[in-house]
Amino acid sequence: MERGKMAEAESLETAAEHERILREIESTDTACIGPTLRSVYDGEEHGRFMEKLETRIRNHDREIEKMCNFHYQGFVDSITELLKVRGEAQKLKNQVTDTNRKLQHEGKELVIAMEELKQCRLQQRNISATVDKLMLCLPVLEMYSKLRDQMKTKRHYPALKTLEHLEHTYLPQVSHYRFCKVMVDNIPKLREEIKDVSMSDLKDFLESIRKHSDKIGETAMKQAQQQRNLDNIVLQQPRIGSKRKSKKDAYTIFDTEIESTSPKSEQDSGILDVEDEEDDEEVPGAQDLVDFSPVYRCLHIYSVLGARETFENYYRKQRRKQARLVLQPPSNMHETLDGYRKYFNQIVGFFVVEDHILHTTQGLVNRAYIDELWEMALSKTIAALRTHSSYCSDPNLVLDLKNLIVLFADTLQVYGFPVNQLFDMLLEIRDQYSETLLKKWAGIFRNILDSDNYSPIPVTSEEMYKKVVGQFPFQDIELEKQPFPKKFPFSEFVPKVYNQIKEFIYACLKFSEDLHLSSTEVDDMIRKSTNLLLTRTLSNSLQNVIKRKNIGLTELVQIIINTTHLEKSCKYLEEFITNITNVLPETVHTTKLYGTTTFKELFCCCVSIFQICRSLEHISRNIGVYQSLKEPDDKDTREDARHAAEEEIYTNLNQKIDQFLQLADYDWMTGDLGNKASDYLVDLIAFLRSTFAVFTHLPGKVAQTACMSACKHLATSLMQLLLEAEVRQLTLGALQQFNLDVRECEQFARSGPVPGFQEDTLQLAFIDLRQLLDLFIQWDWSTYLADYGQPNCKYLRVNPVTALTLLEKMKDTSRKNNMFAQFRKNERDKQKLIDTVAKQLRGLISSHHS
């Protein structure tokens, strides 16, 4: 029973499930019925479900049949109505067909017209599109045509701008056309063409600038000259006429005209054609002569093309090469001033162009590049000027060169270039100018002295007297009171020399102008140059006159008088320099004229020669006797006369030496070490030199014998002077001074006062003194005592008796000057050494006598 209940329950559940599935089938879309049917096939009650389904289908069929039966009459009525409508529709169709046929027949022409209109509209649209495309292409073609025209007329920078617009603005709008592609392909070629043509123009410009640098520089220097003239006029207005003449002379060398070049070369190169200006017309600026447009165009073109750095490097490299060419001076530049002027014009022209490029372009050249070029130019220019100016021997040319260098420096200074080194070099040229002036004035002085009669100047009228006084500052009240005719005490060379000294001062002053020196520096320069003129040039000229072989006592006396008056005129020269430089003599560091000292030395020289002539009159007479006895008939008489004359010459010469030795005044007790020979000995040596110069006309053997005799007599006299009994004591300092005098004698012997001696032969006259002094000064007693008596002894000429005598004098000095010597060990040792040496010397003397 329970099974029956369970079966019944399961049957109910299955029926409920089948019912649910059927509802799902009825209510579900056909596309989604698959899962529902799947659940039926998956179950075990498939047959029962099919039965259930068949039952449900039959139920629905019955319901459909009921519904159809309910609406059937309406369906029949609808069919009847449709049949009626079909007949009417057929009529309507026939009417429409007929109407359409009529419409087609009537509208055939309209259709044809509409087709024609359609074609016209299509053509119109095509034409409009074509016009639009042409409107896009025409600007491209116009720009390209414009580009070609600009290229043909060499307007390269506008052409480059046109090319940029064509490439970036117009061609992109019509890039799909074939002719545009051809244009695009030609654009790089056009750029290169523009680049090459502009570079060619730049090369032409650089080449022409190199050729015309001298004209540019000449114009710039002339402009600077005019400006400097205006400045000088302004500065000189308060003191008109003070130095106008010298200024005018200094500037006359620059009065040259600018030479015009050919119009063709100027047009091609960028040099504008400028007519020659008169001196009173304004000179155009240097930049006005140059057309820099090729540089600017090329710079812009390369900048636009992105190759500015390439252009800058090329420009600087080419200008450096041109700078080296400009700075290379011609080999004959030193011959004329025009050579220097052309050299300076080229340099100025080069840097004027570079300065203008610096200030009108941004970065093409910079200050560092300009400074580098200027440093190179400055060093090469200074080196060239030093080399070529050294060849100048004409002071006028040196002065003109100085003025040209000053103008060169002032011109470049206007453009901002440092020129201090040029002015420093002018100071070097100033020394050379002084040397050339000294050489010139040496010739002037020589001509004056050669043409002078060495007689007092006679004057026969007041006019002649005033003329001489106007030339030379001379005042003598007694001479003024004397009636005419009368004589000045000096000869004609005194006023001539005085005036030439003033002319020399004027010449020095001319060089100092425009050097930017202070009045003190100018004064110092003039005084130093004048000192050289007095102490060297004039002094040498006078000494040459004094040392002439044919100079007589009368001429010497007149020269003494002349030098005395020239000495007095030095103060007037001082005043003259003070007046032209406006520097008072009391100013600190003012150089004094050494003319007074120079003329005093010349005066002493004349007096000494005068005295020598007087003292040699007797010797000259003996020489005359000697020469007159060269050809006697009797041979014995001739030989005796010659020997007598020779002996007389030797005797008189030795007597003169003795007179000088009498002036010797040694301080034998001095402790100071001297540094020069004694004055009496210097005078004695000067006397011997002048005397032996007179002996040049004697036979060589006589002159040599006289010279050897004099040296031997001098050496013997000096030895006697050292060993004489009156000299009881002497110090090492006195011995050192004596050694300096002996060295002076040896120097005289080495100088060869008389030709014909073998080497060091004349020095042997002083060998005894030399070995004796070396022994004591070097205190070399060990060598002397050890080697005494040997043939190669170092002190072979030193006699032990002489050495002992001199040692005793030094021994006594040591004892008296050292009262407390016994309390000092060093002094006791020295004294013992002297006693030991003296004892050994006495032993040598005793053994020698035995």
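For the structure itself, look to the data block above.
Residues numbered from 1 in each chain as written. Predicted model: local features only at pLDDT ≥ 70, side-chain atom pairs only at ≥ 80, totals over all residues. Heavy atoms only, no water.

What is the right way to look at the overall build of the chain in this model?
Counting its secondary structure elements, the chain contains 30 helices and two strands. Surface summary for the chain: the accessible area is close to 49400 Å², and the carbon and sulfur share equals 52%. (Helix = DSSP H or I, 4+ residues; strand = E, 2+ residues; numbered from the N terminus. Areas by Shrake-Rupley, 256 points an atom, 1.4 Å probe, with all protein chains shown as cover.)

Quick question: what am I supposed to make of a positive patch on the surface here?
Together, Lys-317, Lys-321, Arg-324 and Lys-380 give the surface a local cluster of positive charge. In terms of residue count, the dominant contributor to the positive patch is helix α11 (residues 308–326) (three residues). (Patch = residues over 30% accessible without salt bridge, like charges linked within 9 Å, V, L, I, M, F, W, Y side chains within 5 Å. Salt bridge = Lys/Arg side-chain N within 4 Å of Asp/Glu carboxyl O. Lys, Arg positive; Asp, Glu negative; His and termini not counted. Charge placed at Lys NZ, Arg CZ, Asp CG, Glu CD.)

I'm lost on the packing of helix α6 (residues 178–211) against α11 in this one. Help?
The relative placement of two packed helices comes down to the angle between their axes together with the axis-to-axis distance. In the contact formed by α6 and α11, the axes pass within 11 Å of each other and the chain directions differ by 20°. When the interaxial angle is binned, α6 and α11 end up roughly parallel. Viewed along their axes, α6 and α11 form a crossing whose handedness is right-handed. Packed against α6, whose contacting residues are Met-199, Leu-202, Lys-203, Leu-206, Glu-207, Ile-209 and Arg-210, the element α11 presents Phe-311, Tyr-314, Tyr-315, Gln-318, Arg-319, Gln-322 and Leu-325 at the interface. (Axes fitted to C-alpha atoms, helices over the stretch in contact; angles between N-to-C directions. Parallel < 35°, antiparallel > 145°, perpendicular 65-115°, else oblique. Left-handed = near helix turned anticlockwise from the far one by under 90°. Contact = heavy atoms within 4.5 Å.)

It is not clear to me how the packing of α11 against helix α13 (residues 367–389) should be interpreted in this structure. Could you clarify?
Where α11 contacts α13, the axes come no closer than 11 Å and their chain directions differ by 20°. Viewed along their axes, α11 and α13 adopt a mutual orientation that is roughly parallel. Seen along the crossing, α11 lies across α13 with a hand that is right-handed. Contacts from Arg-316, Arg-319, Arg-320, Ala-323 and Arg-324 of α11 reach α13 at Tyr-369, Glu-372, Leu-373 and Met-376. Across the contact of α11 with α13, the residue classes tally to four nonpolar, no polar and five charged. (Nonpolar A, V, L, I, M, F, W, Y, C, P; charged D, E, K, R; others polar.)

I keep staring at a nonpolar patch on the surface and nothing clicks. Help me out?
A cluster of nonpolar side chains, namely Ile-127, Val-131, Leu-134, Met-135, Leu-138, Leu-141 and Phe-179, defines an oily patch on the protein surface of about 630 Å² accessible area. The dominant element in the nonpolar patch, judged by the number of residues it contributes, is helix α4 (residues 108–152), at six residues. The residue Met-135 is located in helix α4 in this model. For Met-135, a relative accessible area of 53% puts it in the exposed group. (Buried < 20%, exposed > 50% of the residue type's maximum accessible area, 1.4 Å probe, protein only.)

Please explain the packing of aromatic side chains as it appears in this structure.
How two aromatic rings sit relative to each other is set out by the distance from centre to centre and by the angle between their planes. One pass over the structure, following the stated rule, counts 32 aromatic pairs. When the ring of Trp-779 is compared with that of Trp-781, the centres are 5.9 Å apart and the planes differ by 90°; the resulting orientation is edge-to-face. The class for Trp-779 is partly exposed, based on a relative accessible area of 27%. We classify Trp-781 as buried; its relative accessible area is 3%. (Phe/Tyr/Trp six-rings, centres within 6.5 Å; stacked < 30°, edge-to-face > 60°.)

I keep staring at unusual backbone geometry and nothing clicks. Help me out?
The phi torsion of most residues other than glycine is negative, and most of the peptide bonds are trans. Residue Pro-485 is reached from Phe-484 by a cis peptide bond, and omega for that bond is -5°. Position of Pro-485 among the secondary structure elements: in the loop between α17 (477–481) and β2 (486–487). The phi dihedral of Tyr-454 is positive, around 50°, even though this residue is not glycine. Looking at the element boundaries, Tyr-454 is found in the loop between α15 (420–451) and β1 (458–459). Positive phi values are uncommon outside glycine, yet Trp-779 reaches one of about 55°.

Please clarify how the pattern of salt bridges should be interpreted in this entry.
Between side chains of opposite charge, a pair can form when the charged atoms approach closely. Per the counting criterion, the structure on display carries 19 salt bridges. One salt bridge connects Glu-207 with Arg-210, and the closest N-O pair in it is separated by 2.7 Å. In this pair, Glu-207 and Arg-210 are both assigned in helix α6, three residues apart and thus about one turn of the helix distant. Note on Glu-207: relative accessible area 33%, which makes it partly exposed. Classification of Arg-210 as partly exposed rests on a relative accessible area of 32%. For Asp-780, the salt bridge goes to Lys-794, with nearest N and O atoms at 3.7 Å. One end of the pair, Asp-780, is in the loop between α27 (767–778) and α28 (781–787); the other, Lys-794, is in the loop between α28 and α29 (800–816), and 14 residues separate them in sequence. Judged by its relative accessible area of 15%, Asp-780 falls in the buried class.

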